[in-house]
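Structural overview for review
Here's the letter readout for the chains.
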Amino acid sequence: MNVIQLEDNEKKEILLNLYEAFEDGYVFEEFLKPFLELYDLTEVTVTKRSGDGGIDLLAIRPGVFNDNKDDVIYKIQAKRKRPDLKIGPRIVREHLGILKSGEVGIIITTGKFTNGAKKVSESKPENPIILIDGNILIDFCIQNEIGFIYKPIFSINKLNEFYKKDNNNISCLHTKIKKNNNYIEKNITSNDIRARILGIPQTIFEKLPVEKQSFDVVINDILIKNLNLNRQRKYFSGITRIYKDCNLITIDNVFNPSISYWSIEDGIIYVYIENR
């Protein structure tokens, strides 16, 4: 489903509705159990309401093998707060303190996070803490049709796509990638497009020189110079123009998820993004 980007006032109203939909923090925790399962987490459980050590839910992301040795444990904290209230670094720091080696923390709120809280969440790479604020909650709920009903809105761009699309561009790989059967596929989600970021596949990321912070990348046969790398989150930024050219962002500000194909050859990164 394609969703038109919400105006700020519309987003604020939805956030307030979401906050008020949960009678208290315990109801919010119960909502988060199926919510987290949609993130492919398993064994999601709501902890006891006392003596939980600040952990509201527990979850596991299964590893590659079946012996559970590479499973990742997630410890989650739920904070039902008014959309205009912010969580500061103290809460994040305390949550960081309860994580054992290799565990991942998640703090989910209907409110916001301060810049200081975000900085603390990235301070210990071996124990990352994922911050999910009200805006991310809303985006995920819209994307997965949780709690929303829709009325049809006519878009001439979507009509034109139906019968004017260039079939030669669909599912066609970049010439360099096409020659190299070792290409990697990675989805481009609505959240990626909204944030104007291009997530990097792990196998490609591992081949990037650690001393570099920006890279020249060939995207759809066009050389894009000095794309900034966020090494912590493994993505390139500064690709708004590319997303618009590939119709992942339409003139109606509709986000169209897509697929990217990656290859690296002689130190050069090649990416092909399917036009939508």
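Overview of the structure.

What counts, and at which threshold
Residues numbered from 1 in each chain as written. Predicted model: local features only at pLDDT ≥ 70, side-chain atom pairs only at ≥ 80, totals over all residues. Heavy atoms only, no water. Axes fitted to C-alpha atoms, helices over the stretch in contact; angles between N-to-C directions. Helix = DSSP H or I, 4+ residues; strand = E, 2+ residues; numbered from the N terminus. Parallel < 35°, antiparallel > 145°, perpendicular 65-115°, else oblique. Left-handed = near helix turned anticlockwise from the far one by under 90°. Contact = heavy atoms within 4.5 Å. Nonpolar A, V, L, I, M, F, W, Y, C, P; charged D, E, K, R; others polar. Core = buried A, V, L, I, M, F, W, Y, C linked by side-chain atoms within 4.5 Å. Buried < 20%, exposed > 50% of the residue type's maximum accessible area, 1.4 Å probe, protein only. Pairing = 2+ DSSP bridges.

1. Considerations on the packing of helix α2 (residues 25-37) against helix α5 (residues 134-143)
Packing of α2 against α5 leaves a shortest axis separation of 13 Å and a crossing angle of 50°. In terms of orientation, α2 and α5 fall into the oblique class. For the crossing formed where α2 meets α5, the hand is left-handed. Packed against α2, whose contacting residues are Phe28, Phe31 and Phe35, the element α5 presents Leu137, Phe140 and Cys141 at the interface. Looking at the contact of α2 with α5 residue by residue, the class counts come to six nonpolar, no polar and no charged.

2. Focus on the nonpolar core
Counting 26 residues, the largest nonpolar core has Leu198, Leu208, Ile219, Phe236, Tyr243, Ile269 and Ile273 as its most contacted members. Residues within four places of Ile219 in sequence aside, it is in contact with Leu198, Ile224, Leu227, Ile239, Ile242, Val271 and Ile273. Counting residues in hydrophobic clusters, the runner-up holds 25 residues, among them Leu18, Leu32, Leu57 and Ile106.

3. With respect to the sheet that holds strand β9 (residues 197-199)
Spatially, β8-β13-β14-β10-β11-β12-β9 is the arrangement adopted by the seven strands of the open sheet, whose pairing is mixed. With partners counted over all chains shown, the strands left at the sheet margins are β8 (184-188) and β9, one partner each. Taken pair by pair, the neighbouring strands of this sheet meet at an average axis angle of 40°, ignoring direction. Strand direction decides the pairing type here: strand β10 (residues 214-219) and strand β14 (residues 268-273), joined by three bridges, are parallel. Bridging across to β14, Val217 finds its partner in Ile269.

The values reported here are purely geometric and, on their own, carry no functional implication.
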